[in-house]
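For reference, the chains in residue letters:
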Amino acid sequence: KAGVTQTPRYLIKTRGQQVTLSCSPISGHRSVSWYQQTPGQGLQFLFEYFSETQRNKGNFPGRFSGRQFSNSRSEMNVSTLELGDSALYLCASSLVPGSTVETQYFGPGTRLLVL
Amino acid sequence: AQSVTQLGSHVSVSEGALVLLRCNYSSSVPPYLFWYVQYPNQGLQLLLKYTTGATLVKGINGFEAEFKKSETSFHLTKPSAHMSDAAEYFCAVSAGNQFYFGTGTSLTVIP
């Protein structure tokens, strides 16, 4: 069974631009979560989607948004990029939402560099 | 509120020596606890998890962890380090609908 895939793997943007990252969950998984990983802040939860609905959102500004499609694939968008948005963005999928029980399976991440 | 503290951002051990990575958590509800490993330029891979039941949990690659409620700890151990164990290790607690990760411990294995 294929794992979680994320595209693109690497991305370079300039300040003020916007970016869209894509995540395809493991087949049969319907919940997708996004995380931002930086050396200073570590891993921080961005949001979680299930059945095309955002179920949970972390403490990030409105420039960060996401969506989920009917096939469970998810995209996240960051508008008006800032230097501090440079990070590894990780996507994780699970069968159902509610991370208390289900294990999340992580993709390899998209490394975003903002210049 | 939930939080995770990993003591020691960098740990070095000799090949063949015991690996001990420390994790303490705080949780207002019974926690589910996880250890993940991250190799360079890769995503996170689950090593092991504790949900309920036996407090000593065995994971992949010879790792194990023990849930100690009285100490609010979930330390990760491996009896004998291998060069391939060099990576970043993250402890995480899940309560409610979110994961909370520690800041990670970078493990170096010295030949």
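Predicted, not measured: the structure shown is a model, and the values here were computed from it. (Residues numbered from 1 in each chain as written. Chains lettered and ligands numbered in written order. Predicted model: local features only at pLDDT ≥ 70, side-chain atom pairs only at ≥ 80, totals over all residues. Heavy atoms only, no water.)

S.K.: Is there a simple way to think about the overall build of chain B in this case?
M.R.: The secondary structure content of chain B amounts to 0 helices and 11 strands. Going from the N terminus to the C terminus, chain B shows its helices and strands as β-β-β-β-β-β-β-β-β-β-β. Against the 2.2 N^0.38 benchmark of 13 Å for 111 residues, chain B shows a C-alpha radius of gyration of 13 Å, consistent with a compact globule. Based on the C-alpha atoms only, the size of chain B along its principal axes is roughly 40 × 30 × 20 Å. Relative to its 111 residues, chain B shows a buried fraction of 45%. Contacts in chain B between residues at least 24 apart in sequence constitute 55% of all its contacts with a sequence separation of at least 6. Carbon together with sulfur atoms contributes 53% to the accessible area of chain B, which is approximately 5,100 Å² in total. Looking at charge distribution, chain B has the averaged site of its 6 positive side-chain charges lying 8 Å from that of its 6 negative ones. (Helix = DSSP H or I, 4+ residues; strand = E, 2+ residues; numbered from the N terminus. Rg over C-alpha atoms; globule rule 2.2 N^0.38 Å. Buried < 20%, exposed > 50% of the residue type's maximum accessible area, 1.4 Å probe, protein only. Contact = heavy atoms within 4.5 Å. Areas by Shrake-Rupley, 256 points an atom, 1.4 Å probe, with all protein chains shown as cover. Lys, Arg positive; Asp, Glu negative; His and termini not counted. Charge placed at Lys NZ, Arg CZ, Asp CG, Glu CD.)

S.K.: What is the right way to look at the pattern of salt bridges in this model?
M.R.: Working definition: two side chains of opposite charge can pair if their charged atoms are close together. Scanning all chains against the criterion turns up 7 salt bridges over all chains. Beyond isolated ion pairs, a larger network of salt bridges with shared partners links Arg63, Glu82 and Asp85 of chain A. (Salt bridge = Lys/Arg side-chain N within 4 Å of Asp/Glu carboxyl O.)

S.K.: Teacher, can you tell me more about the sheet that holds strand S8 (residues 73-78) of chain B here?
M.R.: Pairing between the strands of a sheet is mediated by backbone hydrogen bonds and can be parallel or antiparallel. Residues and elements named next belong to chain B. Pairing within the open sheet is antiparallel, and its 5 strands lie in the order S1-S3-S8-S7-S6. Edge strands, defined here as strands with exactly one partner in the open sheet, are strand S1 (3-7) and strand S6 (56-58). Pairs of neighbouring strands in the sheet enclose a mean axial angle of 20°, with direction left out of account. (Pairing = 2+ DSSP bridges. Axes fitted to C-alpha atoms, helices over the stretch in contact; angles between N-to-C directions.)

S.K.: Sorry if this is basic, but what is going on with the pairing of strand S5 (residues 44-50) of chain B here?
M.R.: Residue and element names in this part refer to chain B. Bridging between strand S4 (residues 32-38) and S5 involves 6 bridges; their strand directions are antiparallel. Across the sheet, the residue bridging to Trp35 is Leu48, located in S5. Once S4 ends, the chain turns through 5 residues before running back antiparallel as S5, passing Asn41 with a positive phi of about 60°.

S.K.: Please explain the environment of Thr52 of chain B as it appears in this structure.
M.R.: Residues and elements named next belong to chain B. Relative to the helices and strands, Thr52 resides in the loop between S5 and S6. Classification of Thr52 by relative accessible area gives exposed; the value is 58%. Each C-alpha atom of the pair Thr52 and Leu76 lies 17 Å from the other, and the pair is 24 residues apart in sequence.

S.K.: Help me understand the interface of chain A and chain B, please; the structure alone is not making it clear to me.
M.R.: Where interface size is given, it is often the accessible area lost as the parts come together that is meant. In this assembly, 21 residues from chain A lie in contact with 18 residues from chain B. Between chain A and chain B, roughly 1,700 Å² of surface is buried when both sides are summed, and carbon and sulfur atoms account for 52% of that area. The interface formed by chain A and chain B contains 0 salt bridges. Our enumeration of links across chain A and chain B arrives at 2 residue pairs in polar contact (both at pLDDT 80 or more). Elements that contribute at least two residues to the side of chain A that touches chain B include exactly strand S4 (31-38), strand S5 (42-50), strand S6 (53-57) and strand S9 (87-94) of chain A. (Buried area = accessible area lost by both parts, 1.4 Å probe. Polar contact = N/O pair within 3.5 Å; in protein donor to acceptor, adjacent residues only side chain to side chain.)

S.K.: Which parts of the structure should I look at to understand unusual backbone geometry?
M.R.: Note: most residues except glycine have negative phi, and most peptide bonds are trans. Residues and elements named next belong to chain A. For the peptide bond that leads from Thr7 to Pro8, omega is -10°, which places it in the cis range. By the secondary structure assignment, Pro8 is in the loop between strand S1 (5-7) and strand S2 (10-13). In this model, Glu52 sits at a positive phi of 65°, which is unusual for a non-glycine residue. Along the chain, Glu52 turns up in the loop between S5 and S6. Taking the relative accessible area as the measure of exposure, Glu52 reaches 47% and is therefore partly exposed.

S.K.: Looking at this structure, I do not really get the state of the cysteines. What am I missing?
M.R.: A covalent bond between the sulfur atoms of two cysteines is referred to as a disulfide. Residue and element names in this part refer to chain A. Per the counting criterion, the structure on display carries 2 disulfides over all chains. Paired through a disulfide, Cys23 and Cys91 show a sulfur-sulfur distance of 1.7 Å. Looking along the S-S bond of the Cys23-Cys91 disulfide, the torsion reads about -55°, which is the left-handed sense. Within this pair, whereas Cys23 is found in strand S3 (residues 19-24), its partner Cys91 is found in strand S9, the two being separated by 68 residues in sequence. The burial state of Cys23 is the same as that of Cys91; both residues are buried. (Disulfide = S-S within 2.5 Å.)

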